[in-house]
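Below are the chains, spelled out letter by letter.
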Amino acid sequence: MRFITKSEAIKDAFISELRAGGISFDVKARPGYDAFVGYSLEGTLDEIGAKIQAMDGGVVDRELIMEGFLTFKEEIARMLERLRDGEHFEALLGEGHWAGDILDQLARNGALDLGDVIRLKEGVDVSKLRFQFKFPFELAGNPEEIEKTAKQFAFVDLIMEYEIEIKEISIERINRAVQIAGKYFDEEELLEAYFALISRGIVANEILKALGKERFSVDDIVRSFMHSAPLEIPTERGTLVIVYTEEAVREILRLLEKDKYVDIKAGKVRKLRSL
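Calculation rules
Residues numbered from 1 in each chain as written. Predicted model: local features only at pLDDT ≥ 70, side-chain atom pairs only at ≥ 80, totals over all residues. Heavy atoms only, no water. Pairing = 2+ DSSP bridges. Helix = DSSP H or I, 4+ residues; strand = E, 2+ residues; numbered from the N terminus. Axes fitted to C-alpha atoms, helices over the stretch in contact; angles between N-to-C directions. Contact = heavy atoms within 4.5 Å. Expected span 1.5 Å × (residues − 1). Salt bridge = Lys/Arg side-chain N within 4 Å of Asp/Glu carboxyl O. Buried < 20%, exposed > 50% of the residue type's maximum accessible area, 1.4 Å probe, protein only. Polar contact = N/O pair within 3.5 Å; in protein donor to acceptor, adjacent residues only side chain to side chain.

Sorry, what's going on with the sheet that holds strand β7 (residues 151–166) here?
The strands making up a sheet associate through hydrogen bonds between their backbones, and the pairing can be parallel or antiparallel. Read from one edge of the open sheet, four strands run β1-β7-β2-β6, paired in antiparallel fashion. The outermost strands of the open sheet, each flanked by one partner alone, are β1 (2–5) and β6 (131–136). Across the sheet, the mean angle from the axis of one strand to that of its neighbour is 45°, orientation sign disregarded. Where strand β2 (residues 25–43) lies against β6, six bridges are found, and the strand directions are antiparallel. If you follow Ser 40 over to β6, its bridge partner there is Lys 134. Contacts between helix α8 (residues 187–211) and the sheet are confined to β1 and β7, with β1 contributing the most and set at about 150° to the helix.

Below, the structure is given as structure tokens:
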């Protein structure tokens, strides 16, 4: 039901499209952070690889560390390929958090021509550049022993993050909102938000069907839905199981009232229209 981003540009573009599409939403800004705690190995790529190979397999998970290092080398190679032709900083950062780290390391090596377009300096010998490769602390079984080879490392990124909550319960509007979100968020985030939103829409529709033309006590409706929880909805691909709490049902009733699907007075609820 919520999409979270640390990019102000993505936040502005996303909510602009939601607003244009008539989608109801809320935006909250709060201090956020990304944190990494572990160890770093320093040197040229060859030197770092040799240090990992020399590590005692009984002290660290050498295979996982090497796997991470090979990914790190691939990321550097991908970044260098783009920098040879030149690229705007914002476009490079769009690759992910790893891109910012590698750009910072290349800059500290004096390997970049900085400007509107960032390029790799001509004549740079990548094999001579010195890097920091980090791996998480849980891969080190013996901290005292690993610190003879690697340095402790902690990184905390204190930046604002934006939470955009979709406030729709109409399936049509939910589908429209998720279609817009597909431009800005990855598939896993989309699936989680989609099923959460669809599930809320299904529960809202079931509440409206249960109300019919009668006026019922809010507490009775809540009690009835808690008694029948969880809902199991057959679909073409399998069964959708929706687990909810009493507060979730009351929140859905508030949304239905806000959007004038129901009228709530004196603790009783009456259906005004269908979804």
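How should helix α3 (residues 62–85) be read in this particular structure?
Owing to its 3.6 residues per turn, the α-helix brings residues three or four apart onto one side. In this model α3 runs 36 Å from its N-terminal to its C-terminal C-alpha over 24 residues, within 8% of the 34 Å that 1.5 Å per residue would give. Just downstream of α3 lies Gly 86, where phi reads positive at about 90°.

Hey, could you run me through the pattern of salt bridges in this one?
Opposite charge on two side chains makes pairing possible when the charged atoms of those side chains draw close. Counted according to the given criterion, the structure contains 25 salt bridges. Ionic pairing is found between Asp 219 and Arg 250, a salt bridge with its closest N-O pair at 2.9 Å. A residue pair is termed long-range when its members are at least 10 positions apart, and Asp 219 in helix α9 (residues 218–227) and Arg 250 in helix α10 (residues 246–258) qualify at 31 residues. The exposure class assigned to Asp 219 is partly exposed, which follows from its relative accessible area of 37%. Judged by relative accessible area, Arg 250 falls into the partly exposed class, the value being 22%. A cluster of three or more residues bridged by salt bridges with shared partners is formed by Arg 2, Lys 6, Arg 30, Glu 161, Glu 163 and Glu 165.

Please clarify how the sheet that holds strand β4 (residues 112–113) should be interpreted in this entry.
One open sheet holds the three strands; their spatial order is β3-β5-β4, and the pairing between them is antiparallel. The outermost strands of the open sheet, each flanked by one partner alone, are β3 (87–88) and β4. As paired elements, β4 and strand β5 (residues 117–120) share two bridges and run antiparallel to each other. The residue bridging Leu 112 from the neighbouring strand is Leu 120, located in β5. Strands in contact with α3 are β3, β4 and β5; relative to β5, the strand with the most contacts, it is inclined by about 110°.

Would you take a moment to explain the side chain of Asp 263 for this structure?
Turning to its location among the elements, Asp 263 is positioned in strand β11 (residues 262–265). Look at Asp 263 and you get buried, because its relative accessible area is 17%. In this structure, Asp 263 is in contact with Arg 215, Lys 268, Val 269, Arg 270 and Leu 272, ignoring residues within four places of it in sequence.

How do you make sense of the side chain of Glu 161 when you look at a structure like this?
Relative to the assigned elements, Glu 161 resides in strand β7. A distance of 3.2 Å separates polar atoms of two side chains, one belonging to Glu 161 and the other to Lys 6. Side-chain polar atoms of Glu 161 contact the side chain of Arg 30, separated by 2.8 Å. Leave out the neighbours within four places in its chain, and Glu 161 touches Ile 4, Thr 5, Lys 6, Lys 28, Ala 29, Arg 30 and Gly 32.

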